[in-house]
Amino acid sequence: MDLSRFPRRRYSAGPTPLEFLPNFTKALSPNGDGPRIWIKRDDMLGLYPGGNKTRKLEFLVADALAKGADTLITCGAPQSNHCRITLAAAVKESLKCRFVIEERVPGSFKESASGNHFLFRLLGVEALTVVPAGSHMAQAMQQVADELAAQGRKGYIIPGGGSNALGGLGYVACAQELQQQFFEQGVSFDRVVVGSGSSGTHGGLVAGFAGNHLNIPIIGIGVSRDPADQEPLVYKLAQEVAELLGMKGAIPREAVQTVGGYWQPRYSVPNAGMVEAVQMLARTEAILLDPVYTGKVMAGLIGLHRQGFFKHGENVLFLHTGGFPALHAYEREVLGQQGRAVS
Ligand SMILES: Cc1ncc(COP(=O)(O)O)c(C=O)c1O
């Protein structure tokens, strides 16, 4: 798959590490009869602290610059990693940045909040509009673009999570990077586990794996929806990415698999599985997950393992998509009252 015809900015120095997790593997299966867990450190991408959005923004911001934009406009939840990383890209490119923040959990937006919200202010967001849950985000962002246009400025709208076909190319690039690493490190994988939200990461990866003939099942762990609602979104995005790359019709529907439940009781609200996963990875490998996405995704991996889903000796790759600054907005929930590990 040739990505070279798409303009791209570069925000990372090179490939992110692909590492085996010996201590975590042992903690999951003390008798040594379980899967071998590996990690792709996309939490170490640029626009520090980077994450999956960094890869998508390399293509989206290049498009914004090609179109002469002076302001990036995007949307997300009050602790949005996507908003924070988009703002970081804007700072790098000497652009302005505005957000529309959806208060998905009523009362969750706090002007004095820590975590990503603190970083919005430190990095210098130009303006931030808060709208209630269920608002029409595309319309709200268009309104911001219209206000800028009336002042002779030019906004570029990036959809929530950077999840459109162009943003999805970031995870086609990741698929290519992984393929090269599998070859160089001499390891073959049986499964990949990834978070599935606005779906650009999962959909882009599905398209990238199909286009590069990587026949490894990808399991998306829903962070806000169960499979009946999530899989059509991912499938649509994967098809759009494939079409952009001239591979229309190349994505089999069965390439999209997700698992539900681990995001409940609702998006961004902590649960016991997330707390266990965040504590476990911190205390076995000194790797920080986040409470909203990767903590719940790792809880999904742990849950699948306990159900006997993975076979003995299988190589399972967990894609770490970043997000740890949000931990600071959930310190009490993540540490628990005694600050002790759950397991
Ligand atoms: C840390 C992290 N992981 C995973 C996701 C989900 O990725 P996507 O929206 O591409 O499905 C997000 C989205 O904001 C995120 O911030």
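Residue positions are given per chain, counted from 1 along the sequence in the order it is written. Only residues with pLDDT of 70 or above have their local features reported here, since the model is predicted, and side-chain atom pairs are shown and tallied only from 80 upward, although totals for entire chains, interfaces and linings are computed over all residues. Hydrogens and water molecules were not included; the side-chain quantities draw on all heavy atoms of the structure.

Our next topic: the pairing of strand β7 (residues 191–196). β7 sits mainly inside the fold: 6 of its 6 residues count as buried. With burial as the criterion, each face of β7 is covered, one bearing Arg191, Val193 and Gly195 and the other bearing Val192, Val194 and Ser196. Should DSSP find at least two bridges between two strands, the strands are regarded as paired. The helix count covers DSSP runs of H or I at least four residues long, the strand count covers runs of E at least two residues long, and both are numbered beginning at the N terminus. Pairing geometry for β7 and strand β10 (residues 315–320), over 3 bridges, is parallel. Within the sheet, the bridge partner assigned to Val193 lies in β10 and is Phe318. One ladder, built from 5 bridges, connects β7 with strand β8 (residues 218–222); its direction is parallel. Note on β8: the bridge partner recorded for Gly195 is Ile221. We call a crossover right-handed when, viewed with both strands directed away from the observer, the connection leading from the first strand over the helix to the second proceeds clockwise. Note on the crossover from β7 through helix α7 (residues 200–211) to β8: the handedness is right-handed. Any residue under 20% of the maximum accessible area for its type is buried, any over 50% is exposed, and the rest in between are partly exposed; the area is computed with a 1.4 Å probe on protein chains only.

The nonpolar side chains of a soluble globular protein tend to be buried, and buried together. As used in this record, nonpolar core signifies buried Ala, Val, Leu, Ile, Met, Phe, Trp, Tyr and Cys residues forming a set joined through side-chain atoms within 4.5 Å. By size, the foremost hydrophobic cluster in this structure holds 61 residues, and its most contacted members are Leu72, Leu169, Leu205 and Phe209. Elements with a minimum of two residues in this core: α2 (52–66), α3 (81–92), β4 (96–103), α6 (165–185), β7, α7, α8 (227–244) and β10. Among the elements that take part in this core, α6 stands out by supplying 9 residues, more than any other. Domain start and stop points were drawn from an automatic or database domain assignment. Among the domains, domain 1 (18–50 + 164–335) and domain 2 (53–162) are the pair contributing at least three residues each to this core. Filtering out sequence-adjacent residues up to four positions away, Leu169 remains in contact with Leu3, Phe6, Phe59, Val241, Leu244 and Leu245. By definition in these notes, contact holds between two residues if any of their heavy atoms fall within 4.5 Å.

Taken as a whole, the protein is organised into domain 1 (18–50 + 164–335) and domain 2 (53–162). Taking only C-alpha atoms, the centre of domain 1 and the centre of domain 2 are 25 Å apart. Between domain 1 and domain 2, the contact holds 29 residues from the first and 27 residues from the second. Buried area counts how much accessible surface, traced with a 1.4 Å probe, disappears from two parts once they are put together, with both parts' losses summed. Interface area, domain 1 with domain 2, both sides summed: about 2,200 Å², of which 63% is carbon and sulfur. Here, a salt bridge means any side-chain nitrogen of Lys or Arg that lies within 4 Å of a carboxyl oxygen of Asp or Glu. On inspection of domain 1 and its partner domain 2, the count reaches 2 salt bridges. In this structure, Asp42 and Arg55 form a salt bridge, with 2.8 Å as the shortest nitrogen-oxygen distance. Polar contacts, as counted here, are pairs of nitrogen or oxygen atoms within 3.5 Å of one another; within protein the pair requires one atom able to donate a hydrogen and one able to accept it, and residues that are adjacent in sequence qualify only if both atoms are side-chain atoms. Between the two partners, domain 1 and domain 2, sit 6 residue pairs in polar contact (both at pLDDT 80 or more). Contributing elements (two or more residues each) for the side of domain 1 that touches domain 2: α6 and α7. It is α6 that provides the largest number of residues to the side of domain 1 that touches domain 2, a total of 7 residues. Throughout, the ten residues Ala, Val, Leu, Ile, Met, Phe, Trp, Tyr, Cys and Pro are labelled nonpolar, Asp, Glu, Lys and Arg are labelled charged, and all others, Gly among them, are labelled polar. Here the residues of the side of domain 1 that touches domain 2 are counted per class, giving 14 nonpolar, 11 polar and 4 charged.

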